[in-house]
Amino acid sequence: MGKQDIDIGYGRTSKEKDDAYSVDTQINEINAYVARQGWPELPLQYQLREDFSGYTLDRPEFNKLRALIKEGRVRRIIIHHVDRLSRRSYHAKMILEEEILANNIELHIVAWGRAVQNTPEDIAFFGIQADFAQLERSRIKIRMTGAKQTIRDAGGWVGEGKDRYGYTRVGKRKERVWVIVKEERAIIERVFYLYVIKDWSVADIVAEMNKLGYATPGQAKGQKRCRTTWTAPMIYAILNCRHYLGYWMSMGEERHFPDRRIITDEMFQRAQEKLMERAQRLGISRDFRSSERKEFYLLRHEVYCDECRKRKPENQGVPHDQWVDWFKCSASTTRQTRADGNKKAYRYYRCNSRHEKREDREWCNLHGNADRIDELAWEWCQWLLNDPDKVAAAFEGAREEAMRQNQDTIESIAAGEATVTKLREKRKRYMEMFADGIITSRQELAEMLAPVDETLTSTEDLVRLDKQRLERAPSSAEVRERVTALVELRERLELIGFLDQELQRKVVELLGLKAYVGVDESTKLQYVEFVWHGAMYGRMPLHDDEADLDDEDKESSTCDGVGHLQMPVTPERVWKAINGK
């Protein structure tokens, strides 16, 4: 604990205004209060100013204040009013009793003209004002929501943010609306005309925009840091923008404003069809953000090194879904120049152990062909989509098995929660004894609370860790939701014949699919093993050449009892081997 020699003034407002509750006004009155008390002037670094909602405790400047309290360096805290501390009554009361008064810190409230005394009367009065602060905040929210609803129903704009290209905001408050900018509208219409009617490519449209010297969207909106030349993502953003049909998000709901339409439904639909044809032809996502134009890896962040797992003693003999994952394989692309002079991209999932600077482990340079792994993974996903009943049964079986295995953890959680309840009651009893004068000094109270708080913190941490272990077992409702989503994706796949990259990743996420890449000890060939929710394992080789395997070898492929297949097989054969069919 440090020496308590710091005085701190704290001013907060949700939105800076020139009124009695602006941050500057609060700090000025805090400094005047300090001068009246004859205390030294507050240093600038301890005049904390914050433009942040009081409904949360996670505030940057408030976090600094609480950190100084924890270090034991704060002597006095000066605020303008109770609601500046927090707009939630239980937050304010907790901070007062457990952090300020418990550490023998003086809390001065300018509106009171004095410090809060550690008496039942002052604590009760503080709590009443905190309750009214929360009540006022709730009323303000209701009034603002009602006002926004009225403005929205009248066709006004209630959102925030920058102007959308093609539009600008005019008016203030209730009269604020979006209007179309004629010059920008002409450019938007020209982009759609060239792309849909003239059948120009996006690259040709970009060249045309730059040739004619049109201002980019960023330049048109007066952004200081923006591109000065047109690029393909700008064109794609225009072609995909539903605002140009008159659809706008307002208070979490999409509403149609016909007076803000720029493009007809037919023109927009034809543009989307052309974009979809391009996406299908190239096998790319319809999301044209720059971050998505990189190489696509279906199992990004879901591939692990089986070789490192074998070397880790804690993982030996443990089911896949309970492994301690040391090394996820990173996705990487290597471009090499071929004999014909063209560069070809080679995609890999590489073990990250080579990046770990540890003396007690060997480096692993294992890397698997990402094209082959993703191809096998998607074949596996498509086969699973064809039979949602089996998927549901596997999910439910995995859930029941996990619950059986976690029975000890459930009992530990129950015992831990009972201990937490008892410790909290004991702590509350000590605080009541201090308020009643049975415990006479803060030092004695702190000594009695210290072991209780230490045990309470450690017990809560153990309970939290136990609960995290139980998250691996989804509930029956979650299983039904997952299966329903998978059925919808299967119907979409049957309807249009493919799923874009985003939906393919969604399938992987719903199935909980993971891949483990290793080397078979007998054949010395790489394999990939797919795991989903611990329900099924299927080992497949990463080489395509099966010509060296005769029919007898193929027919003799067996399952070792946990779904590990010794020869290259299809998902159907994996399922039959696991279920003894």
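Residues numbered from 1 in each chain as written. Predicted model: local features only at pLDDT ≥ 70, side-chain atom pairs only at ≥ 80, totals over all residues. Heavy atoms only, no water.

## A short note on the overall build of the protein
Then, number 1: Across its full length, the protein carries 19 helices and 16 strands.
Then, number 2: Burial statistics for the protein: of 581 residues in total, 40% are counted as buried.
Then, number 3: A separation threshold of at least 6 residues defines the contact pool for the protein, and within that pool the share at least 24 residues apart is 60%.
Then, number 4: Summed over all atoms, the accessible surface of the protein reaches about 33,100 Å², with 49% contributed by carbon and sulfur. (Helix = DSSP H or I, 4+ residues; strand = E, 2+ residues; numbered from the N terminus. Buried < 20%, exposed > 50% of the residue type's maximum accessible area, 1.4 Å probe, protein only. Contact = heavy atoms within 4.5 Å. Areas by Shrake-Rupley, 256 points an atom, 1.4 Å probe, with all protein chains shown as cover.)

## Looking at the confidence of the model for the protein
Then, number 1: Across the protein, the average pLDDT comes to 76, with 75% of residues at 70 or higher.
Then, number 2: A low-confidence stretch, residues 287–293 stays under pLDDT 50, and its non-local contacts, those more than four residues away or across chains, total eight contacts.
Then, number 3: For residues 355–361, every residue scores under 50 in pLDDT, and the model assigns this stretch four contacts once sequence neighbours within four places are set aside. (pLDDT = per-residue confidence, 0-100.)

## Points about the nonpolar core
Proteins that are soluble and globular tend to have nonpolar side chains buried together.
Then, number 1: Leu299, Val507, Leu511, Leu513, Val528 and Phe530 are the most contacted members of the largest nonpolar core, which totals 41 residues.
Then, number 2: Broken down by secondary-structure element, the contributors of at least two residues to this core are strand S10 (303–305), strand S12 (343–351), helix H12 (370–385), helix H13 (388–405), helix H16 (476–496), helix H17 (501–511), strand S14 (513–519) and strand S15 (526–532).
Then, number 3: Tyr236, Leu245, Ala271 and Leu275 belong to the second-largest nonpolar core, a separate cluster that totals 31 residues. (Core = buried A, V, L, I, M, F, W, Y, C linked by side-chain atoms within 4.5 Å.)

## Description of the side chain of Arg490
Then, number 1: Among the structural elements, Arg490 can be located in helix H16.
Then, number 2: Owing to a relative accessible area of 19%, Arg490 belongs among the buried residues under this scheme.
Then, number 3: Residue contacts for Arg490: discarding those within four places in its chain leaves Leu385, Asn386 and Pro388.

## As for the packing of aromatic side chains
Then, number 1: The tally for this structure, following the rule as stated, stands at nine aromatic pairs.
Then, number 2: Both rings, one in Tyr10 and one in Phe62, keep their centres 5.6 Å apart while their planes meet at 55°; by these two values the pair is tilted. Of this pair, Tyr10 sits in strand S1 (residues 6–13) while Phe62 sits in helix H2 (residues 60–70), and the two are 52 residues apart along the sequence.
Then, number 3: Plain terms: the ring middles of Tyr33 and Trp39 are 6.0 Å apart, the flat faces sit at 70° to each other, and that makes the pair edge-to-face.
Then, number 4: Positioned above the aromatic ring of Trp39 is the side chain of Arg76, whose terminal nitrogen or guanidinium carbon lies 4.0 Å from the ring centre.
Then, number 5: Sitting over the face of the ring of Tyr247, Arg242 holds its NZ or CZ atom 4.5 Å from the ring centroid. (Phe/Tyr/Trp six-rings, centres within 6.5 Å; stacked < 30°, edge-to-face > 60°. Lys NZ or Arg CZ within 6 Å of the ring centre and 35° of its normal.)

## Considering a nonpolar patch on the surface
Then, number 1: A cluster of nonpolar side chains, namely Phe125, Ile128, Phe132 and Leu135, defines an oily patch on the protein surface of about 380 Å² accessible area.
Then, number 2: In this structure, Phe125 sits in helix H5 (residues 120–153). (Patch = residues over 30% accessible without salt bridge, like charges linked within 9 Å, V, L, I, M, F, W, Y side chains within 5 Å. Salt bridge = Lys/Arg side-chain N within 4 Å of Asp/Glu carboxyl O.)

## Considering the pattern of salt bridges
Then, number 1: What the rule picks out here adds up to 22 salt bridges.
Then, number 2: Across the pair Asp83 and Arg87 runs a salt bridge, and its minimum N-O distance is 3.8 Å. Across the pair, Arg87 and Asp83 agree in class, each one buried.
Then, number 3: Among the salt bridges present, the one from Lys93 reaches Asp131, with a minimum N-O distance of 3.4 Å. Here Lys93 is found in helix H4 (residues 89–100), whereas its partner Asp131 is found in helix H5, with 38 residues between them in sequence.
Then, number 4: For Lys93, a relative accessible area of 29% translates into the label partly exposed.
Then, number 5: Members of the salt-bridge network, linked through shared partners, are Asp7, Arg75, Arg76 and Glu106.

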